[in-house]
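These are the residues of each chain, in order.
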Amino acid sequence: MNAILLAESPRTAFAESVLGRGEVEVVLLRLDSTPLSRAYLRRTAHVPVFTLDPGAGPMDEAARYLRWVKGTKGLPRPRFVCGGDAEAGEVARRFGALVDLPELTPEQLAPAHTAPAAFAREPWWRDGRGALEGDLSDLGNSGKRLAPSA
């Protein structure tokens, strides 16, 4: 079974969606500064969690994570890293690079039977807002288009 390291964000819907998928095991990457609801913490109590120490250096945390993964019997071995929003995604990318975990692609994140054709291009977080709005429109979101920001 595939396993991922999922950086948490205050918006927990993505994490809960991933946790609900049966074909993937999850190890959560948590920041103490990320506000999480008590209900979410209860729902994820059974999931392995690695909490980053904000006072430690990135290399120290990467080494601590690798020791934790290697030394914890029965722990899923993540092969990829991802985040639920832009900030968590950035944490995931940076930490993943330190522990040699590649980032999941949008195709890997979407269920195979629902992956939209728009994901065949560059990942949406690199396309910019205009392209994202176009993709959402293609998927049936008829929301108001926003003017480009200066």
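Each chain has its residues counted from 1, following the order in which its sequence is written. Selection of residues for local features in this predicted model requires a pLDDT of at least 70, selection of side-chain atom pairs for listing and counting requires 80 or more, and totals for whole chains, interfaces and linings are taken over all residues. For side-chain calculations, the full set of non-hydrogen atoms in the structure is used, while hydrogens and water are omitted.

1. Points about the pairing of strand β2 (residues 24-31)
Each residue's exposure class comes from its accessible area (1.4 Å probe, protein chains only) as a fraction of the maximum for that residue type: buried when under 20%, exposed when over 50%, partly exposed otherwise. Only runs of H or I of at least four residues qualify as helices and only runs of E of at least two qualify as strands under DSSP, and these elements are numbered from the N terminus. Judged by how many residues are buried, β2 sits mostly within the fold: 6 of 8 residues are covered. Handedness of the crossover joining strand β1 (residues 2-7) and β2 through helix α1 (residues 13-20) is recorded here as right-handed. Bridging between β2 and strand β3 (residues 49-52) involves 4 bridges; their strand directions are parallel. Pairing of leucine 28 across the sheet is with valine 49, part of β3. Handedness of a crossover is defined as follows: orient the strands so they point away from the viewer, and if the path from the first strand over the helix to the second runs clockwise, the crossover is right-handed. Handedness of the crossover joining β2 and β3 through helix α2 (residues 38-43) is recorded here as right-handed. Two strands pair under a simple rule: DSSP has to find at least two bridges between them.

2. Here we look at the nonpolar core
Within the largest apolar cluster, 16 residues are counted, with the highest numbers of intra-cluster contacts made by Leu5, Leu29, Phe50, Tyr65, Phe95, Val99 and Leu101. Sorting the residues of this core by element identifies β1, β2, β3, α3 (58-71) and α4 (86-98) as the ones contributing at least two each. Core analysis: the second largest hydrophobic core is formed by 12 residues, Ala15, Val18, Val47 and Cys82 among them. Residues grouped as a nonpolar core are buried Ala, Val, Leu, Ile, Met, Phe, Trp, Tyr and Cys residues, joined through side-chain atoms within 4.5 Å.

3. Looking at the environment of aspartate 85
Here aspartate 85 shows up in the loop between β4 (80-83) and α4. Since its relative accessible area comes to 14%, aspartate 85 is described here as buried. Taking C-alpha positions, aspartate 85 is 9.5 Å from threonine 12, a pair spaced 73 residues apart along the chain. Setting aside anything within four residues of it in sequence, one finds aspartate 85 in contact with Ser9, Pro10 and Arg11. Any pair of N or O atoms that falls within 3.5 Å is considered a polar contact. Within protein, one atom must be able to donate a hydrogen and the other to accept it, and sequence-neighbouring residues count only if both atoms are side-chain atoms. There is a polar contact of 3.3 Å between the side chain of aspartate 85 and the backbone nitrogen of glutamate 87. Of the polar contacts made by the side chain of aspartate 85, one reaches the backbone nitrogen of alanine 88; its length is 2.8 Å. Throughout, a residue-residue contact means that at least one pair of heavy atoms, one from each residue, lies within 4.5 Å.

4. Regarding the packing of aromatic side chains
To describe a pair of aromatic rings, one takes the distance between the centres and the angle between the planes. Only Phe, Tyr and Trp rings take part, Trp by its six-membered ring, and two of them pair if their centres are within 6.5 Å. Stacked means planes under 30 degrees apart, edge-to-face means over 60, and tilted covers everything else. The tally for this structure, following the rule as stated, stands at 5 aromatic pairs. On the basis of an interplanar angle of 85 degrees and a centroid distance of 5.3 Å, the ring pair of phenylalanine 50 and tyrosine 65 is categorised as edge-to-face. A residue pair is termed long-range when its members are at least 10 positions apart, and phenylalanine 50 in strand β3 and tyrosine 65 in helix α3 qualify at 15 residues. Taking 5.4 Å as the distance between ring centres and 80 degrees as the angle between the ring planes, the aromatic pair formed by tyrosine 65 and phenylalanine 95 counts as edge-to-face. With tyrosine 65 in helix α3 and phenylalanine 95 in helix α4, this pair connects stretches of sequence that are 30 residues apart. Looking at tyrosine 65, the relative accessible area reads 3%, which means it is buried. Taking the relative accessible area as the measure of exposure, phenylalanine 95 reaches 5% and is therefore buried. Taken together, the ring pairs in this structure connect Phe50, Tyr65, Trp68 and Phe95 into an aromatic cluster.

5. Some thoughts on the confidence of the model for the protein
Where the model shows low pLDDT, its predicted coordinates should not be examined in detail. The predictor attaches a confidence to each residue, called pLDDT, with possible values from 0 through 100. Within the protein, residue pLDDT values average 77, and 68% of them lie at 70 or more. Note that pLDDT drops below 50 for residues 111-129; the model gives that stretch 26 contacts with residues more than four away or on any other chain.

6. Here we look at the pairing of β1
For β1, the tally of buried residues reaches 5 of 6 residues, placing the bulk of the element in the interior. With 6 bridges joining them, β1 and β2 adopt parallel strand pairing. Note that in β2 the partner of alanine 7 across the bridge is leucine 29. Pairing between β1 and β4: 4 bridges, direction parallel. The partner of leucine 5 across the bridge, within β4, is valine 81.

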